[in-house]
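Chains, contacts and geometry: an overview
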Amino acid sequence: MLRSGHAAAPGRRRSARKMRPPWARFSAWLECVCVVTFDLELGQALEAVYPQDVKLTEKEVRSTAHASYPDVLYTFPWALGDTQFSFRLRQSVGRGPRGVWFEDSDAYNRDAPVTMQASSHLYGYVYFRQVKDDTVKRGYFQKSVVLVSRLPLVRLFQSVLQVIAPEYFKLEPCLEEVCHEIDKWPTPTPGHTLLLPCMGEVIKVSFAISFNNTLGFFLSVMCKCIERSLRPAPLVLPSCHEQDFFQCFQSMLVHVQMLWELMLLGEPVVVMAPSPAVCSETVLALVSSVAPLKYCCDFRPYFTIHDSEFKEYTTRTQAPPSVILGVTNPFFLKTFQCWPHVIRLGELKMSVDLPKQLKMKKLAKLKTLDAKPGVYTAYKTFLHKDKALVRRLLKGIQRKRPSEVQSAILRRYLLELTQSFIIPLERYLVSLMPLQRSISPWKTPPPISPFNQEEFIATLEHAGPQLTSVLKGDWLGLYRRFFRSVNFDGWYRLRHREMTQKVESLHLQVICDADLLSWTRDKSEVEIVDLILKLREKLVRKHMHVCEFKLLEKLELSIQSIISSLPQDLQALLHRD
């Protein structure tokens, strides 16, 4: 290992480069690039995978192939041209991530907002083309280029596909070159601005931390073409991971709060849309509506009857699971009659006219295939409707307010609503932490107090959501229902792990500040050796913050000074260990 301040020899630098695992940087962004085609005998089939050494399981191959094609009823001759959408699927058991970056991606997830965090699931970003072609037996050219990744950066990867997919349809060998190009990209790092070259263009991705950390990170993506004739201004995309929020919700504005409650409580929801693009965008918008709370339930932006979890999600022998499914096949109308919440959408079209709002409908009316667009549910909201928000957004349409501004208004409203709900929970969690003065260097730190639901409810009278939100309603009932949800369980587990790490960090700080050598002077050798072994356990820590490295260095020096005070035979034994 090189000591700080000393440069590596040229030969050593070359050997370090050689030791870098193959496709290390590529795998920080993508698992693989796939090409899916339609085989007359097999149906949807995986035609090619890049890099070529990627080994997908049979289940992953089958799931990726079926999810990368619009469902059979959508692929009519009238559905010509290009379309983009996304899907999400489970990784097969026993197959870990390809790259070393994902084996230690906790640092990235710690700094990234919840809507951008790396996942154990696989995301697929699809560019599908269907055009008339008399040279093909079916009469139509149908093919998809798919980027498979663990990162939910939908806008970034859709932008990459808009560059590479049209070129691939003209010149097939380009995908392998693109993989080599991505393998030279820097790793994704929140807080940094990255330049990502892609087939003659450069995508500038700025993972910039906002001035208010509670609002998360704001990302801007700028794509500019490096050509002899430079464009006067770069193409600027609003975000790396966010979709057009307002467009997704424009026909459901009067139900925004109800949809927010359904997401908060992890209710089973089916989104039925006329195309994969509409349903996948809507599902992702619903999931992100509860940010900065992490949506811990499963969600499938695009789900087909060929999905490996189809039987699991459509069984009628048990209650529907906590999942959001985006579907296009009308067959699901009959299949999901027992589900409590079904959203049937029409085609999303931005218009200067007031969008026709979906009406609440009874689930019994969902039996026919020609069921009209609407929100089919019997759910009663806990909170009263904020009519001022709806009026503001509808007035914005009349005044031709840009969709980006409308999206910002809606996102901010939902963000503040979520924060009003979460802040009392966060405040109560702080009270469960042991007092810093109770943490001693000579004892195991005291445990974190358990979460008591009734004790928390009692705090709401004076420190509840009413301090930050004007909304009236049954907040207590909403919290009690939230406690039974997967989202509460996921939120509490995450916060408890963070609090445990905080207590360990405080304990480490107290130990480093103590005079350990003086304490050992009147202690037996057995007690001193026991102390050394316990202190060494502190040195083996995962998920450390940068500030803790200096504490560990200080602790290492303290351990060495204690060992030096012991007899030579014990010193030799401890150094050997």
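Per an unreviewed UniProt entry, the chain goes by the name UDENN domain-containing protein and belongs to Denticeps clupeoides. The UniProt entry for the chain carries this comment under Sequence similarities (unreviewed entry): "Belongs to the DENND6 family."

1. With respect to the pattern of salt bridges
A full pass over the atoms with the stated rule returns 19 salt bridges. In this structure, the salt-bridge partner of R493 is D489, at a minimum N-O distance of 2.9 Å. Highlighted residues: R493 and D489, both in helix α17 (residues 486-513), separated by 4 residues, approximately one helical turn. For R493, a relative accessible area of 55% puts it in the exposed group. Taking the relative accessible area as the measure of exposure, D489 reaches 37% and is therefore partly exposed. Put simply, K59, R88, R90, D298, R300, D307, E309 and E312 are held in one network by salt bridges that share partners.

2. Looking at the pairing of strand β15 (residues 374-377)
Neither face of β15 is exposed, since G374 and Y376 on one face and V375 and T377 on the opposite face are all buried. Taken together, the 4 bridges between strand β13 (residues 341-344) and β15 define a ladder with antiparallel strand orientation. Its bridge partner being in β15, V342 is matched across the sheet by Y376. Here strand β14 (residues 360-361) pairs with β15 via 2 bridges, running parallel. Paired with M360 across the bridge in β15 is V375.

3. Focus on the sheet that holds strand β3 (residues 81-89)
Pairing between the strands of a sheet comes from backbone hydrogen bonds, and it takes one of two forms, parallel or antiparallel. Spatially, 5 strands are ordered β2-β1-β5-β4-β3 in an open sheet, and the strand pairing comes out antiparallel. The open sheet terminates on both sides in strands that have one partner only, identified here as β2 (43-50) and β3. Adjacent strand axes in the sheet meet at a mean angle of 25 degrees when their direction is disregarded. Across 7 bridges, strand β1 (residues 32-39) lies against β2 in antiparallel orientation. From the neighbouring strand, D39 faces β2, where its bridge partner is G43. Sitting on the sheet, helix α6 (residues 154-170) is in contact with β1, β2, β3, β4 (122-132) and β5 (140-149), with an inclination near 140 degrees to β5.

So, how was this worked out
- Within every chain, residues take consecutive numbers counted from 1 along the sequence as written.
- Residue-level local features of this predicted model are given only where pLDDT is at least 70; pairs of side-chain atoms are given and counted only at 80 or more, and the full residue set underlies all totals for whole chains, interfaces and linings.
- The basis for every side-chain value is the complete set of heavy atoms in the structure, and neither hydrogens nor water enter the calculation.
- UniProt positions are given in the numbering used here, feature names are shortened, and annotations may be inferred rather than shown by experiment.
- Each salt bridge in this description consists of a side-chain nitrogen of Lys or Arg and a carboxyl oxygen of Asp or Glu lying within 4 Å of one another.
- The helix and strand labels rest on DSSP assignments: H or I over at least four residues marks a helix, E over at least two residues marks a strand, and numbering proceeds from the N terminus.
- Each residue gets one of three labels from its accessible area relative to the maximum for its type: buried under 20%, exposed over 50%, partly exposed in between, using a 1.4 Å probe on protein chains only.
- Two strands pair under a simple rule: DSSP has to find at least two bridges between them.
- Comment: axis = line fitted to C-alpha atoms, over the contacting stretch for helices; angle = value between 0 and 180 degrees taken between N-to-C directions.
- Any pair of residues with heavy atoms lying within 4.5 Å of one another is described as a contacting pair.

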